[in-house]
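Given next are the chains, with one letter for each unit.
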Amino acid sequence: MDLTYTAEQEEFRAGLRSWLRDVLPKLPPRPDPRDWPGRRAYDAGWQRMLYDAGYAGLHWPVDAGGRGATPVQHLIFLEETENAGAPYVGANFVGLLHAGPTIAAEGTEEQRRRWLPPVLRGDEVWCQGFSEPGAGSDLASLRTRAVRDGDAYVVTGSKIWTSHAEVADWCELLVRTDPRAPKHRGISWLAMPMDARGVTVRPLRTLAGSTEFAEMFLDEVRVPVANRVGEENDGWRVTMVTLSFERGTAFVGEVVACRRVLGEVARAAKENGGWDDPALRRRLGRLAAEFSVLWRLTQWNVSEAERSLRAGGTGVPGTGGSVFKLRYSHARQELYDAAAEVLGPLAQDAGHPWTAERLSSLSYTIAAGTSQIQKNIVAERILGLPKG
């Protein structure tokens, strides 16, 4: 693993820092967290600023509309934008971090021309229609069916935990196109327009009071066959590409944020006397080590991706992303448990950002694949252990 930065990489960092210092003071006030149309508009505005400055889809291939940046440059971008307090991708995250990279890697030239530019400009927002009431961790058990009818699939079923369905234009949708095939086969990946007839969206309110998820009901929705990404019944392989992006790079900025929050927690403990407790100091010290190691693991994953590119590979994050995601999701929960200890009675204040993040952190051992699933991936694909 090479942890040093080249002169070119440091020049890229300096240019990005200069741009961020110039544009961030010009941003409008952030909307109310419960105002999803407002949040979509805010996130789309930020995305357009990135696009105009040449930072949108930084690591996407040039022929997909990106800048063709190396994995290390992408890592620098994520680190610097988070440290500067720049907006996160927000409502755009499925399109920018999952669907877009998947279409760039697996889509036809026509599909890339149709869907990638609007994602990069912030014009169109995507949601993710993977999980179902009976197919969460065991995603391959999904039952939403798509029956071929001429040049369209007729889709019937339901999805749950559909991220940002309320404000999305498109959905990356997994459907079963061959019910007789083994469950990991017979699945296809479709791009479904959210304004299609037969799509019903019902927001779900989370423990933290947010509605970024929804349940979605599909009643004979017609989706053009031309909207299928990859071959029919090859959707599981395409999905593994999607999940490698989700687990490999989607949480990088959040590691930086957690390191910043940990420093704030330590300062708060020193101000309110909690620092006098040696058990708390040990706890915060161990968390500092955890997040330092996670950052090094991120650098290792990025180094592997960069070597893959140099060798003519895809640069797609590998199974190391599962190791990262498994440990990060638990470390995040531990961080906000420690924050609650430092806050004391203030931890009951639902308006405190640490309280909201503590509630949100409970989902991280489920989101992007449960910890149990990540352990299976590590055991079978990295350690080579036999399947249980």
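The sections below set out a description of the structure shown in this document. (Residues numbered from 1 in each chain as written. Predicted model: local features only at pLDDT ≥ 70, side-chain atom pairs only at ≥ 80, totals over all residues. Heavy atoms only, no water.)

**Here we look at the overall build of the protein chain**
Right, so step 1: Secondary structure summary: the protein chain contains eleven helices and eight strands in total.
Right, so step 2: Burial status across the protein chain gives 51% buried among its 388 residues.
Right, so step 3: Accessible area of the protein chain: about 18300 Å², with a carbon and sulfur share of 52%. (Helix = DSSP H or I, 4+ residues; strand = E, 2+ residues; numbered from the N terminus. Buried < 20%, exposed > 50% of the residue type's maximum accessible area, 1.4 Å probe, protein only. Areas by Shrake-Rupley, 256 points an atom, 1.4 Å probe, with all protein chains shown as cover.)

**Re the pattern of salt bridges**
Right, so step 1: Summed over all chains, the structure comprises 28 salt bridges.
Right, so step 2: In this structure, Arg114 and Glu124 form a salt bridge, with 3.1 Å as the shortest nitrogen-oxygen distance. With Arg114 in helix 5 (residues 109-121) and Glu124 in the loop between helix 5 and strand 1 (126-129), the pair connects residues that are ten residues apart, well separated along the chain.
Right, so step 3: A residue is classified by how much of its surface remains accessible, and Arg114, at 35% relative accessible area, is partly exposed.
Right, so step 4: The partner of Arg332 in a salt bridge is Glu254, and the shortest N-O contact between them spans 3.3 Å. You can see Arg332 sitting in helix 9 (residues 320-343) and its partner Glu254 sitting in helix 7 (residues 252-272), a full 78 residues away along the chain.
Right, so step 5: Overall, Glu254 belongs to the buried group, its relative accessible area being 14%.
Right, so step 6: What you see here is one network of salt bridges that share partners, running through Glu10, Arg13, Arg17, Glu79 and Glu80. (Salt bridge = Lys/Arg side-chain N within 4 Å of Asp/Glu carboxyl O.)

**Side note on empty space enclosed by the protein**
Right, so step 1: Applying the stated criterion to the full structure yields one cavity of 30 Å³ or more.
Right, so step 2: Quantified by volume, the largest cavity comes out at close to 380 Å³.
Right, so step 3: What lines the largest cavity is a set of 24 residues, and nearest its centre among them are Phe77, Leu78, Tyr88, Val89 and Leu97.
Right, so step 4: Of all the secondary structure elements, the ones that give two or more residues to the lining of the largest cavity are helix 2 (36-53), helix 3 (71-83), helix 4 (93-106) and helix 7.
Right, so step 5: In terms of residue count, the dominant contributor to the lining of the largest cavity is helix 3 (five residues).
Right, so step 6: Of the residues in the lining of the largest cavity, the class split is 16 nonpolar, seven polar and one charged. (1 Å grid on protein atoms, 1.4 Å probe; cavity = no way out; pocket = protein on both sides within 12 Å on 5 of 7 lines; lining within 4 Å. Points joined across faces, edges and corners; volume = space filled by probe spheres on them. Nonpolar A, V, L, I, M, F, W, Y, C, P; charged D, E, K, R; others polar.)

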